[in-house]
Amino acid sequence: MDVSAIQMIGVIGAGTMGSGIAQVCAANGYQVRLIDVDQAALDRALASIRGSVEKLHSKEKLTDAQRDAALSQIATGLDLTDVGGAQLVIEAVSESLDVKRSVFRRLDELTAPDAILASNTSSISITEIAAATVDASSADEVAALARSMRADLVLNACDPRCNPGVFGELTLMTM
Ligand SMILES: NC(=O)c1ccc[n+]([C@@H]2O[C@H](COP(=O)([O-])OP(=O)(O)OC[C@H]3O[C@@H](n4cnc5c(N)ncnc54)[C@H](O)[C@@H]3O)[C@@H](O)[C@H]2O)c1
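> When you look at unusual backbone geometry in this model, what are you seeing that I'm missing?
Where the residue is not glycine, phi is negative for most of them; where a peptide bond is considered, it is trans in most cases. Positive phi values are uncommon outside glycine, yet glutamate 60 reaches one of about 60 degrees. Relative to the assigned elements, glutamate 60 resides in the loop between helix H2 (39-58) and helix H3 (64-72).

> It is not clear to me how the packing of helix H1 (residues 16-27) against H2 should be interpreted in this structure. Could you clarify?
Packed helices, taken two at a time, are described by their axes: the angle between them and the distance between them. At their nearest, the axes of H1 and H2 sit 10 Å apart, and the two run at 50 degrees to each other. One element, H1, and the other, H2, form an angle in the oblique class. Seen along the crossing, H1 lies across H2 with a hand that is right-handed. Contact residues: Gly18, Ser19, Ala22 and Gln23 in H1; Ala45, Ser48, Ile49, Ser52 and Val53 in H2. Taken together, the residues of the contact of H1 with H2 sort by class into four nonpolar, five polar and no charged.

> So what exactly am I meant to see when it comes to the site of the ligand here?
Lining the immediate surroundings of the ligand are 21 residues, of which Gly13, Gly15, Met17, Ala41 and Ser122 lie closest. Of all the elements in the fold, those that place two or more residues in the shell around the ligand are H1 and helix H4 (97-110). Among the elements that line the shell around the ligand, the one with the most residues is H1, at three residues. Grouping the amino acids of the shell around the ligand by side-chain chemistry returns 10 nonpolar, eight polar and three charged.

> Sorry, what's going on with the nonpolar core here?
Taken as a class, soluble globular proteins show a tendency for nonpolar side chains to be buried jointly. In this structure, Val11, Ala22 and Val89 are the most contacted members of the largest nonpolar core, which totals 41 residues. When residues of this core are assigned to their parent elements, the largest contribution, seven residues, is made by H1. Residue contacts for valine 11: discarding those within four places in its chain leaves Gly18, Ile21, Ala22, Cys25, Val32, Leu34, Ile90 and Ala92.

> Would you mind showing me how to read the packing of H1 against H3 here?
Their axes nearest at 7 Å, the elements H1 and H3 cross at an angle of 130 degrees. On the basis of the axis angle, H1 is oblique to H3. Handedness of the crossing formed by H1 with H3: right-handed. Here Gln23, Ala26 and Ala27 of H1 lie close against H3, whose contacting residues are Gln66, Ala69 and Ala70. In terms of residue class, the contact of H1 with H3 is made up of four nonpolar, two polar and no charged.

> I'm lost on the sheet that holds strand S3 (residues 74-77) in this one. Help?
Two pairing modes exist for strands in a sheet, parallel and antiparallel, and in both the strands are linked by backbone hydrogen bonds. Spatial strand order, S3-S2-S1-S4-S5: five strands in an open sheet with parallel pairing. Only two strands of the sheet have a single partner each, and these edge strands are S3 and strand S5 (116-119). Sheet twist, expressed as the mean angle between neighbouring strand axes with direction ignored, is 20 degrees. Where strand S1 (residues 8-12) and strand S4 (residues 88-91) come together, four bridges link them in parallel fashion. Across the sheet, the residue bridging to valine 11 is isoleucine 90, located in S4. Of the strands in this sheet, S1, strand S2 (31-35), S3 and S4 are in contact with H1, which crosses S1 at around 170 degrees.

> Could you clarify how one ought to interpret H2 in this entry?
Residues separated by three or four positions in an α-helix point in the same direction, a consequence of the helix having 3.6 residues per turn. The first and last C-alpha atoms of H2 sit 29 Å apart over 20 residues, in line with the 28 Å expected at 1.5 Å per residue. Along H2, the residues that are buried comprise Leu42, Ala45, Ile49 and Val53. Buried residues of H2, viewed axially, fall in a sector of 60 degrees; they line one side. The outward face of H2, more than 90 degrees from its buried face, is lined by the exposed residues Ala40, Ala47, Gly51, Lys55 and Ser58. Where the residues of H2 are buried, they touch H1, S2, H3 and S3. Taken from the residues just after H2, glutamate 60 is the one with a positive phi, measuring 60 degrees.

Cut-off values and rules
Sequence order as written defines the numbering, with residues in each chain counted from 1. In view of the model being predicted, local features appear only for residues whose pLDDT reaches at least 70, and side-chain atom pairs are presented and counted only at 80 or more, with totals across whole chains, interfaces and linings using the full set of residues. Secondary structure elements follow DSSP: runs of H or I no shorter than four residues count as helices, runs of E no shorter than two count as strands, and numbering proceeds from the N terminus. Here, axes are lines fitted to C-alpha atoms. For helices the fit covers the stretch in contact, and angles between N-to-C directions go from 0 to 180 degrees. What sets the label is the angle itself: under 35 degrees gives roughly parallel, over 145 gives roughly antiparallel, 65 to 115 gives roughly perpendicular, and the rest give oblique. Crossing handedness follows the turn of the near helix against the far one: under a right angle anticlockwise gives a left-handed crossing, and clockwise gives a right-handed one. Placing C-beta atoms from the backbone, we regard two residues as in contact once those atoms come within 7 Å. Three classes are used: nonpolar for Ala, Val, Leu, Ile, Met, Phe, Trp, Tyr, Cys and Pro, charged for Asp, Glu, Lys and Arg, and polar for all others, with Gly counted as polar. Any residue whose C-beta atom, as placed from the backbone, lies within 6 Å of a molecule or strand is termed near it. In this usage, the nonpolar core is the set of buried Ala, Val, Leu, Ile, Met, Phe, Trp, Tyr and Cys residues whose C-beta atoms join them within 7 Å. To sort residues by exposure, count the other C-beta atoms lying within 10 Å of each residue's C-beta; 20 or more gives buried, 12 or fewer gives exposed, and values between give partly exposed, all with C-beta atoms placed from the backbone. Only when DSSP finds a minimum of two bridges between them are two strands counted as paired. To estimate how far a helix should extend, the number of its residues minus one is multiplied by 1.5 Å. The arc in question is the one traced by the directions running from the helix axis out to the C-beta atoms.

So, to be careful, I would describe these as geometric facts and stop short of saying anything about function.
Listed below in structure tokens is the structure:
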């Protein structure tokens, strides 16, 4: 996947991490699809993003353009099919192997073969999560693992504690 081809980023899970990741991606000019199973979580995420963006803007840590992008480029939804057209999908659902596997299995079906699937897991092996997406006997397994591991690095660049401006450079370095 050529980094310049990334236009849309899916973020799955709109909790603490997913909302921050969505904010950073949008502030850097990407279209974002933020998905959760809980509408209340999506509503909280948008309110939190709005508050955070306004605060960063008032401290001149976000430009007018970044603030406007962060506030206008995030669409929310309850259905994973909304991220079917994303070139990069970052999973930030609850820390459960079963939940993450079911999300990745579905993402594998929905997204293009060269889409990058990333996990924000803090303690679960990326290999174990990615194993849910592929037939172990298939050559696709290697590609699926590679794209997940590579995207795991990308995720560090998306950490909401990072300077948003660093995101573009780090993604270039890690893909
Ligand atoms: N909070 C942290 O400081 C931190 C730091 C590093 C990594 N992480 C990791 O990031 C991930 C998310 O953590 P968090 O703190 O944001 O969790 P959180 O509980 O704040 O949010 C998780 C969200 O996932 C949603 N969700 C659950 N199942 C789903 C599904 N099948 N499809 C879509 N959405 C679903 C929940 O409704 C919830 O809104 C975890 O893997 C966690 O280990 C968290």
